[in-house]
Amino acid sequence: MSRASLDKQPRDVAAMFDAVAGRYDLTNDVLSVGQDRRWRRAVCSAVDARPGERVLDLAAGTGTSTEPFLVAGATAVACDFSVGMLSVGRRSRPGVRFVAGDAIRLPFADGTFDAVTISFGLRNVHDVDEALREMLRVTRHGGRLVVCEFSRPTFAPFRTIYVEYLMKALPYVATKVSSSPDSYVYLAESIQAWPDQQALATVIRRSGWKGVEYRNLSGGIVALHRATADKLQVT
Ligand SMILES: C[S@@+](CC[C@H](N)C(=O)[O-])C[C@H]1O[C@@H](n2cnc3c(N)ncnc32)[C@H](O)[C@@H]1O
C-alpha cells in the first residue's frame, strides 16, 4: 500500500506516510516551490507561542512544523501516528519531543495545552469533527487553535491554473523527487475534495471552538483558521 484513498482509512494513511517519510521534507520544498517555509512562518506567528507555553503540534510528521515553537521558547510536543514519520523526525530533530498518537484519541489529559495546531494534517484524518473535539478537549480554557491546510484560491483564473498544476504537474514532479509518487496523486485528490475556507470554518465552529476566523496565504492555496477554546461559554 503506497497511497491512501479518499475514505482515509487510518491504517492506509499511516502506511502512506511511512512510505514517503524518508524524502518528505525535500519533496515538500520542491512541490511548493519553497512556499512551505512562508506558510510555516505564518503558522508560527498565528499561534504566537510565548516562552514556557505548552504547544501541541498534531499530525506533526517529521517535526518540521514543530521546530518554530521550540525556537520561540515554548514547550512543544510533536504528535503523529505514522511510525515512519516519527522515526525520521526523531533522527533528524533530536531536540523535538515526539509522541505517537491518533488525532481522534489523543494521549493527553484534558486542558494540557495553551495552544494546539495542525499543519497539513487535518485533511488526512478519517473523522475531522472528532479530531477537532479532541483538540478542544486537550486545550485549556482560553487556549488557541490554529489549523493550516490547503484551501481554495480566491481568484478564479488563478484557481484554474492551480488546479491544472495540482492534478497534472504535481504528480509528475513527484515521480522525480518522492520515494512514493503515488501518494502525491492522493495529495492532489484530497486537496480538491477538501472544504473551502468558509466550509472549514463551519466545521470548526460546530466542533465547539469559538471565535473562528481565517486568513488566506498565497492567494488561498493555503488558509490559516484560528479559534479559541471558550469552555465556560454556554452554547
Ligand atoms: C502532510 S503531513 C504533515 C506533517 C507536518 N505537520 C508538516 O507540516 O510537515 C500529514 C501528517 O498527518 C499525520 N496524520 C494523519 N492522520 C493522522 C491521525 N489520525 N493521527 C495522527 N496523525 C495523523 C500523518 O501521519 C502525516 O505525518
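In what follows, the structure referred to is the one given above.
Notes on the structure in this doc start here. (Residues numbered from 1 in each chain as written. Predicted model: local features only at pLDDT ≥ 70, side-chain atom pairs only at ≥ 80, totals over all residues. Heavy atoms only, no water.)

Quick word on the nonpolar core
At step 1: Counting 39 residues, the largest nonpolar core has Phe69, Phe150, Tyr184, Val222 and Leu224 as the members making the most contacts within it.
At step 2: Elements with a contribution of two residues or more to this core: helix H1 (10–20), helix H2 (24–31), helix H3 (35–47), helix H5 (83–92), strand E5 (139–150), helix H7 (156–177), helix H8 (183–193) and strand E7 (222–228).
At step 3: Excluding residues within four positions of it along the chain, Phe69 makes contact with Val43, Cys44, Val47, Ala49, Val55, Ala74, Ala76 and Thr117.
At step 4: Listed in part, the 30 residues of the second largest apolar core include Phe113, Leu136, Leu200 and Trp209. (Core = buried A, V, L, I, M, F, W, Y, C linked by side-chain atoms within 4.5 Å. Buried < 20%, exposed > 50% of the residue type's maximum accessible area, 1.4 Å probe, protein only. Helix = DSSP H or I, 4+ residues; strand = E, 2+ residues; numbered from the N terminus. Contact = heavy atoms within 4.5 Å.)

Description of the site of the ligand
At step 1: Taken together, 19 residues sit near the ligand, with Tyr24, Arg40, Ala59, Asp80 and Ala103 positioned nearest.
At step 2: Between the ligand and the protein, one listed contact pairs a nitrogen atom with a backbone N or O atom of Ala59 at 2.8 Å.
At step 3: Within the contact set of the ligand, a nitrogen atom lies 3.0 Å away from a side-chain nitrogen or oxygen of Asp102.
At step 4: Summarising the interface, the protein chains cover 97% of the accessible area of the ligand, which totals 600 Å² for the free molecule.
At step 5: In terms of residue class, the shell around the ligand is made up of 10 nonpolar, 6 polar and 3 charged. (Near = heavy atom within 4 Å. Polar contact = N/O pair within 3.5 Å; in protein donor to acceptor, adjacent residues only side chain to side chain. Areas by Shrake-Rupley, 256 points an atom, 1.4 Å probe, with all protein chains shown as cover. Nonpolar A, V, L, I, M, F, W, Y, C, P; charged D, E, K, R; others polar.)

Quick notes on the sheet that holds strand E6 (residues 210–217)
At step 1: Spatial ordering of the open sheet is given by E3-E2-E1-E4-E5-E7-E6, a layout of 7 strands whose pairing is mixed. Strands with a single pairing partner mark the edges of an open sheet, and in this sheet they are strand E3 (97–100) and E6. If you compare each strand with its neighbour and ignore which way they point, the axes differ by 20° on average.
At step 2: Its contacts with the sheet put H5 on strand E2 (75–80) and E3, and the angle it makes with E3 is roughly 165°.
At step 3: Taken strand by strand, helix H6 (residues 128–137) contacts strand E1 (54–58), strand E4 (113–119) and E5, and its axis lies near 145° from that of E5. (Pairing = 2+ DSSP bridges. Axes fitted to C-alpha atoms, helices over the stretch in contact; angles between N-to-C directions.)

A word on the pattern of salt bridges
At step 1: For the structure on display, the rule yields 14 salt bridges.
At step 2: Residue Asp25 is joined to Arg93 by a salt bridge in which the shortest nitrogen-to-oxygen separation is 3.4 Å. One end of the pair, Asp25, is in helix H2; the other, Arg93, is in the loop between H5 and E3, and 68 residues separate them in sequence.
At step 3: Judged by relative accessible area, which is 11%, Arg93 ranks as buried. (Salt bridge = Lys/Arg side-chain N within 4 Å of Asp/Glu carboxyl O.)

Some remarks on unusual backbone geometry
At step 1: In this structure, Val33 takes a positive phi of about 50° despite not being glycine.
At step 2: For Val33, the location among the structural elements is in the loop between H2 and H3.
At step 3: For Val33, a relative accessible area of 68% translates into the label exposed.
At step 4: The backbone phi angle of Ala59 is positive, close to 55°, even though this residue is not glycine.
At step 5: Its location among the elements puts Ala59 in the loop between E1 and helix H4 (67–71).

Considering the environment of Arg205
At step 1: Along the chain, the position of Arg205 falls in helix H9 (residues 197–206).
At step 2: Separated by 191 residues in sequence, Arg205 and Ala14 place their C-alpha atoms 27 Å apart.

Some remarks on the state of the cysteines
At step 1: Overall, the coordinates contain 0 disulfides when judged by the stated rule.
At step 2: In this structure Cys79 is a free cysteine whose sulfur lies 18 Å from that of Cys148, the closest cysteine sulfur available.
At step 3: By relative accessible area, which is 0% here, Cys79 ends up buried.
At step 4: Taking the relative accessible area as the measure of exposure, Cys148 reaches 1% and is therefore buried. (Disulfide = S-S within 2.5 Å.)

Quick word on the packing of H2 against H3
At step 1: Taken N-terminus to C-terminus, the directions of H2 and H3 make an angle of 100°; their axes are 7 Å apart at the nearest point. Of the possible angle classes, the one that applies to H2 and H3 is roughly perpendicular. Here H2 contributes Tyr24, Asn28 and Asp29 to the contact with H3, which in turn contributes Asp36, Arg37 and Arg40.
At step 2: For the contact of H2 with H3, the per-class residue count stands at 1 nonpolar, 1 polar and 4 charged. (Parallel < 35°, antiparallel > 145°, perpendicular 65-115°, else oblique.)

What about the pairing of E4?
At step 1: Along E4, 7 of the 7 residues are buried, which leaves the element largely enclosed by surrounding structure.
At step 2: As judged from the 4 bridges shared by E1 and E4, these two strands associate in the parallel manner. Bridging from a neighbouring strand, Leu56 pairs with Val116 of E4.
At step 3: Between the parallel elements E4 and E5, the chain passes through H6 in a crossover that is right-handed. (Right-handed = clockwise from strand over helix to strand, strands pointing away.)

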